[in-house]
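Coordinates in review
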Amino acid sequence: MGRGKIEIKRIENSSNRQVTYSKRRSGIIKKAKEITVLCDAKVSLVIFASSGKMHEYCSPSTKLVDILESYHKQSGNRLWDAKHENLNNEIDRIKKENDSMQIELRHLKGEDITSLNHKELIVIEDVLEKGQTSIRNKQDELVRMLRENDKMLEEENKSLNFILRAEMAMQNGYQQHRMRQDYNPH
């Protein structure tokens, strides 16, 4: 004797609903895997739970993007608009620019330069020389500032020593005057 048919409607009890969701989700993913293997079909499955959690399956050796493009061509439905296409193109452009900059950085570090021609090596040499000049100028500026600070500190030290000696002289003069008064009590 088999199971009876159930009425397809929302399950009111939340724990029963969660158990049913979990079992049926596992079952549908299992069926997607089976049809992929048995029929050499390209399958992509995306399930969102009521909590917002996503579960997915995509056939091995298949990319979701390829399946979506095939869907777009077959159905004529646009899944994304031109704005998203432009963003995708911008991402590709930035990736290429990043790759180019990574290569340039390796070249500036002296790595992978055997494939460069003479003109490219001269350009790198010029860039490095300009960078070196900039670093030297910055170092010279820092040394100049340190020397100025040293001079200011020396001047301040001299001034403070002068004030200290004057204070000590005044103190000594006061003590000598006091000693004379104590010695000559008139």
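As a convention, each chain's residues are numbered from 1 in the sequence order in which they are written. Side-chain atom pairs in this predicted model are given and counted only at pLDDT of 80 or more, local residue features only at pLDDT of at least 70, and totals for whole chains, interfaces and linings cover all residues. Side-chain metrics in this entry use all non-hydrogen atoms of the structure; hydrogen atoms and water are not considered.

1. A closer look at the overall build of the protein
Helical segments are the DSSP runs of H or I of at least four residues, strand segments are the runs of E of at least two, and each set is numbered from the N terminus. Within the protein, the regular secondary structure consists of 4 helices and 2 strands. Taken from the N to the C terminus, the helices and strands of the protein come in the order α-β-β-α-α-α. Here the globule rule is a power law, 2.2 Å times the number of residues to the power 0.38, and the radius of gyration is based on C-alpha atoms. Against the globule reference of 16 Å for 186 residues, the protein gives a C-alpha radius of gyration of 41 Å, more extended than a compact globule. Taking the principal axes of its C-alpha atoms as reference, the protein extends roughly 135 × 65 × 30 Å. For the protein, buried positions account for 9% of its 186 residues. Should any heavy atoms of two residues lie within 4.5 Å, those residues are counted as being in contact. Partitioning the intrachain contacts of the protein with sequence separation of at least 6 by distance along the chain shows that 17% fall at a separation of at least 24. Areas reported as accessible are Shrake-Rupley estimates using a 1.4 Å probe. Residue values count occlusion only from the protein chains shown. Total accessible area on the protein stands at roughly 17100 Å², and carbon and sulfur atoms take up 55% of it. Only protein chains enter the area calculation, which uses a 1.4 Å probe; residues under 20% of their type maximum are buried, those over 50% are exposed, and those in between are partly exposed.

2. Some words on unusual backbone geometry
Positive phi, normally seen in glycine, also occurs at Ser61, with a value near 60°. With respect to the helices, strands and loops of the structure, Ser61 is situated in the loop between strand S2 (54–58) and helix H2 (64–75). For Asp112, which is not glycine, the phi dihedral falls at a positive 55°. You can see Asp112 is positioned in the loop between helix H3 (82–108) and helix H4 (118–183).

3. Overview of the nonpolar core
For this analysis, a nonpolar core means a set of buried residues of the types Ala, Val, Leu, Ile, Met, Phe, Trp, Tyr and Cys, connected via side-chain atoms within 4.5 Å. One finds Ile29, Ala32, Val43, Leu45, Ile47 and Tyr57 forming the largest nonpolar core, which totals 6 residues. When residues of this core are traced back to their parent elements, those giving at least two are helix H1 (14–39) and strand S1 (44–48).

4. Overview of the pairing of S2
Side chains His55 and Tyr57 of S2 all project onto a buried face; the interleaved residues Met54, Glu56 and Cys58 project onto a face where none is buried. When DSSP locates at least two bridges between a pair of strands, those strands are taken to pair. The pairing of S1 with S2 spans 5 bridges and is antiparallel. Residue Leu45 lies in a different strand from S2, and its bridge partner there is Tyr57. Between the antiparallel neighbours S1 and S2 lie 5 residues, among them Gly52 with a positive phi of about 100°.

5. Some details on the side chain of His107
Mapped onto the elements of the fold, His107 is located in helix H3. Looking at His107, the relative accessible area reads 13%, which means it is buried. Contact partners of His107, with chain neighbours within four places excluded, come to Asp112, Ile113, Leu116 and Ile124.

6. Considerations on the pattern of salt bridges
For salt bridges, the criterion is a side-chain nitrogen of Lys or Arg within 4 Å of an Asp or Glu carboxyl oxygen. Inspection of every chain in the model, using the stated rule, returns 7 salt bridges. Here Glu90 makes a salt bridge to Arg93, at a shortest N to O gap of 2.6 Å. Here Glu90 and its partner Arg93 are both found in helix H3, 3 residues apart, which amounts to about one turn of the helix. One salt-bridge network, held together by shared partners, links Glu90, Arg93 and Glu97.

7. What about the environment of Leu45?
Within the secondary structure, Leu45 is located in strand S1. Given the relative accessible area of 17%, Leu45 is considered buried. When the C-alpha atoms of Leu45 and Leu64 are compared, they prove to be 9.3 Å apart, with 19 residues separating the residues in sequence. Leu45 has contacts with Ile28, Ile29, Ala32, His55, Glu56 and Tyr57, leaving out every residue within four places of it along the chain.

8. A look at H1
In this scheme, a helix's expected span is set at 1.5 Å multiplied by one less than its residue total. The terminal C-alpha atoms of H1 lie 37 Å apart, and with 26 residues this matches the ideal 38 Å at 1.5 Å per residue to within 8%. Looking at the buried side of H1, the elements it contacts are S1 and S2. Positive phi shows up at Asp40, right after H1, with a value of about 55°.

9. Some remarks on the environment of Tyr57
Looking at where Tyr57 falls in the secondary structure, it is placed in strand S2. Sequence-distant contacts of Tyr57, that is, excluding residues within four places in its chain, are made with Ile29, Ala32, Lys33, Thr36, Val43, Ser44 and Leu45. Within 3.5 Å is the distance limit for a polar contact, defined as a pair of N or O atoms, with the added protein rule that one can donate a hydrogen and the other accept it, and that residues adjacent in sequence qualify only through two side-chain atoms. Here Thr36 takes part through its side chain, which lies 3.3 Å from a polar atom of the side chain of Tyr57.

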